[in-house]
Amino acid sequence: MLIFILAILSCLTSIHSRCIIQIEKGKKMEKEEFMKEALKEAQKAYDKLEIPVGAIIVKDEKIIARAHNQKETKFDTTKHAEILAIQKASKKLKSWRLIDCEMYVTLEPCSMCAGAIINSRIKKVFIGTTDNKTGAVGSVLNLFDDYTFNHKVEFETGILKDECENILKRFFKDLRKIKKVGG
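Residues numbered from 1 in each chain as written. Predicted model: local features only at pLDDT ≥ 70, side-chain atom pairs only at ≥ 80, totals over all residues. Heavy atoms only, no water.

Remarks on the pattern of salt bridges
Any two side chains of opposite charge can pair if their charged atoms end up close together. This model, assessed by the stated rule, comprises 7 salt bridges. With a closest N to O distance of 2.4 Å, Lys31 and Glu156 form a salt bridge. Linking Lys31 in helix α2 (residues 31-47) with Glu156 in strand β5 (residues 154-157), this pair joins segments that are 125 residues apart in sequence. The partner of Lys152 in a salt bridge is Asp145, and the shortest N-O contact between them spans 2.7 Å. Here the residues in one salt-bridge network are Lys31, Lys124 and Glu156, joined through shared partners. (Salt bridge = Lys/Arg side-chain N within 4 Å of Asp/Glu carboxyl O. Helix = DSSP H or I, 4+ residues; strand = E, 2+ residues; numbered from the N terminus.)

Next up, the structure:
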């Protein structure tokens, strides 16, 4: 108990705006830390010359699934990071219903992925950056807010926005260089 009180006093006197207290179950991760894990997945896609999008699914503060885009390597347009993460989480939980799960994704989901998120009953989605061409959570349309479905998904945007934008910008800049040299 004394350690807990000292931790609280330390937080109150800390110059840092965010403070996480260690409790019996271990250190609670903040949404930015979870998004960093999604960015690690995006980097894996980047390294494979896939559009660098990464997604993770969290349940009870634990990552239960990780995925990144694999459209190019698998020759399958449905191999988006979100879809792959949902499949892995469903397999792990032995259920298609991902109740009380949260998704962290580096790029705003498209309509296919937003539909899968709704159908899998994910509670909340944390989005890194928007997609003004195909985004279906506010940019082009908003499947989470503008329509009445049997499940309502909460969402929050702008988590590590700069980092999520930068990996995409760097990827497309590098891709143009590769195409220029090769073509």
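Section: the environment of His80
Mapped onto the elements of the fold, His80 is located in the loop between α3 (71-74) and α4 (81-93). Judged by its relative accessible area of 15%, His80 is buried. Contacts of His80, omitting those with residues within four sequence positions, involve Asn69, Lys71, Cys110, Met112 and Cys113. (Buried < 20%, exposed > 50% of the residue type's maximum accessible area, 1.4 Å probe, protein only. Contact = heavy atoms within 4.5 Å.)

Structural notes on helix α5 (residues 111-119)
It helps to recall that an α-helix has 3.6 residues per turn; residues three or four apart then point in one direction. The complete set of buried residues in α5 reads Cys113, Ala114, Ala116, Ile117 and Ile118. Tucked into the core, α5 has its buried residues touching α4, β3 (101-107) and β4 (124-129). Looking at the residues trailing α5, positive phi occurs at Arg121, about 70 degrees.

Considering the sheet that holds β3
In spatial order, the strands read β2-β1-β3-β4-β5; together these 5 strands make up an open sheet with mixed pairing. Here the strands that pair on one side only, and so sit at the sheet edges, are β2 (62-68) and β5. Pairs of neighbouring strands in the sheet enclose a mean axial angle of 15 degrees, with direction left out of account. Sheet topology places β3 next to β4; 5 bridges connect them, and they run parallel. Pairing of Leu107 across the sheet is with Thr129, part of β4. (Pairing = 2+ DSSP bridges. Axes fitted to C-alpha atoms, helices over the stretch in contact; angles between N-to-C directions.)

Some words on the nonpolar core
Counting 32 residues, the largest nonpolar core has Ile57, Ile86, Met103, Ile117, Ile122, Val125 and Phe144 as the members making the most contacts within it. Element by element, the count of residues in this core is highest for α4, at 6 residues. Discounting residues that sit within four places of it in the chain, Met103 has contacts with Ile56, Ile57, Glu82, Ile86, Ile117, Ile122, Lys124, Val125 and Phe126. Counting 15 residues, the second largest nonpolar core, distinct from the first, contains Ile56, Val58, Tyr104 and Ile159. (Core = buried A, V, L, I, M, F, W, Y, C linked by side-chain atoms within 4.5 Å.)

So yeah, pure geometry; function would need other evidence.
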